[in-house]
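# Summary of structural features
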Amino acid sequence: MKNIVLLGGGPEQVDAIKISKELGYHTIVLDSNEFAIGRKLSNKFIQCDITNPSEVLKHIENLNVNGLMVHAIELSHVVAEVSEKLGLPNISKNTAINTTDKLKRLEILKKNHIPCPEFSSATNLTEAKKIAKNIGFPVVIKPVDNAGSRGVIQIKNPEKMEQYFNESLTFCKNKKEIIIEEYLTGPQVSTETVVYQNKCYTTGFSDRNYSNLKKYEPYFIEDGGDMPSNLPIETQKEAIRIAEKTIKTLGINFGAAKGDILIHNNIPYILEMASRTSGGRFASHQVPAATGVNILSSLLKMSVSDPIDVEEFKPKFYRGSSQRYILPPPGKIVSVTGVEEARKIEGVIDIILSDDLKQGNTITNMKNHTNRKGVIITAGETRNDATEKAVRARDLINVKMR
Ligand SMILES: Nc1ncnc2c1ncn2[C@@H]1O[C@H](COP(=O)(O)OP(=O)(O)OP(=O)(O)O)[C@@H](O)[C@H]1O
Ligand SMILES: [Mg+2]
């Protein structure tokens, strides 16, 4: 039996842990939280700081590990560093860093003429204002090294920069530095690609739903997405071509790559390309519902050097699939009702509620994706059918606030 180490045992990682067990791997789960929900599903659980490569290595180096993986957490640099030390398949540490640090990534994109927003970076307000003036308002500011839309804010004028620069700075993890980007407009898509034996297989392509863009300004709150894409087929092909070119340019030669692409003036701009699987149940639920392809299974096998068949990346069917989020207004939760009725709607695949969506808990202003409180995933004959079901299910769930 092969031994696989999975970083993280939270609610999103449960999907990967379950598949790993189904594939027959001895599944070792690491998490800093001793009560992590994935603990009871694992074959072995180790409590440690998974953001620290030396800690992870110390705990697993004598366990005869055949593979190491992380699902839906921005930790590809940890996986890369530990894999390198243990001689396990993965991308290089350098590539992992270049695809996690947003500034390094933009610099590489620009150097290689891949369409991306105009950008620069600042460590103080004066610098930030100067850069924004050069780029031209509105701009977007974001921490160099965070994810989940934390600290990503639209800035319309210099006064707003004063108001929000320090807020964005609080979300910097290791480096107190803010990127200032040109604000681009247009439809947005999520992509997911697996790189196997140096070939790209883009298995996920979904239209992101930003119909709430105005409502949550200056923050960017995505309310799910829909498959298949409604974009013209030529635009989709071009977006995939640019995504795969970006993956090669960044040196992602193994495993998952998740892209955020914005189509501005008919050109696909890369907002993000990360060397990991996406969060938000895209890989584990939405893409499987639309096409029958579940890359988690392929990625787990690749991690322990088991062979895979590239047929695994081919759609088994073409259906509609949608996701919508529960986005309660700020306040104190009085009650949450309607969840069971919503589950009964035909086509509802899953409804996953955040642990803190409970009576008595306080909901803060919607500022980033960690504030979303639950997700509904549906499948339908067509995209419209799936979307209608997701919206109907979401509307049935009533979060009463005080
Ligand atoms: N330059 C830009 N122009 C327009 N919109 C942008 C720009 N940069 C970011 N956004 C919006 O903000 C969202 C989050 O930005 P980004 O992807 O850089 O952050 P993230 O922390 O990786 O968040 P996510 O989890 O949403 O991917 C984007 O998906 C997009 O909707
Ligand atoms: Mg992003």
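Placed above this text is the structure.
The structure reproduced in this document is the subject of the present report.

Rules used in this analysis
Residues numbered from 1 in each chain as written. Chains lettered and ligands numbered in written order. Predicted model: local features only at pLDDT ≥ 70, side-chain atom pairs only at ≥ 80, totals over all residues. Core = buried A, V, L, I, M, F, W, Y, C linked by C-beta atoms within 7 Å. Buried ≥ 20, exposed ≤ 12 C-beta atoms within 10 Å, placed from the backbone. Contact = placed C-beta atoms within 7 Å. Helix = DSSP H or I, 4+ residues; strand = E, 2+ residues; numbered from the N terminus. Pairing = 2+ DSSP bridges. Right-handed = clockwise from strand over helix to strand, strands pointing away. Axes fitted to C-alpha atoms, helices over the stretch in contact; angles between N-to-C directions. Near = placed C-beta within 6 Å. Nonpolar A, V, L, I, M, F, W, Y, C, P; charged D, E, K, R; others polar.

### Comments concerning the nonpolar core
If you look at the biggest cluster of nonpolar residues, it comprises 99 residues, and the most contacted ones within it are Leu-6, Leu-7, Val-79, Ala-128, Ile-141 and Ile-180. Aside from chain neighbours lying at most four places away, what touches Leu-6 is Gln-13, Ala-16, Ile-17, Ser-20, Thr-27, Val-29, Met-69 and Val-70.

### Comments concerning the pairing of strand S2 (residues 26-31)
Within S2, five of the six residues are buried, which leaves the element mostly enclosed by the surrounding structure. Two strands pair when backbone bridges link them, and strand S1 (residues 3-7) and S2 are joined in this way by five bridges, in the parallel orientation. In the strand pairing of S2, Val-5 is matched with Ile-28. The parallel pair S1 and S2, bridged by helix H1 (residues 14-22), forms a crossover whose chirality is right-handed. Bridging between S2 and strand S3 (residues 44-47) involves four bridges; their strand directions are parallel. Along S3, the bridge assignment pairs Val-29 with Phe-45.

### Things to note about the sheet that holds S1
Read from one edge to the other, the open sheet built from four strands follows the order S3-S2-S1-S4, with strand pairing classed as parallel. Of all the strands in the sheet, just S3 and strand S4 (67-70) have a single pairing partner and so form its edges. When strand polarity is set aside, the average angle formed by the axes of neighbouring strands in this sheet is 25°. Of the strands in this sheet, S1 and S4 are in contact with helix H3 (residues 76-86), which crosses S4 at around 170°.

### Describing the site of ligand 1
Taken together, 21 residues lie near ligand 1, and Pro-117, Ser-149, Glu-181, Leu-184 and Phe-220 sit nearest. Listed by contribution, the elements that provide at least two residues to the shell around ligand 1 are strand S6 (139-143), strand S8 (178-182), strand S12 (255-264) and strand S13 (267-274). Per-class residue counts for the shell around ligand 1 are nine nonpolar, five polar and seven charged.

That is the geometry; function is a separate question.
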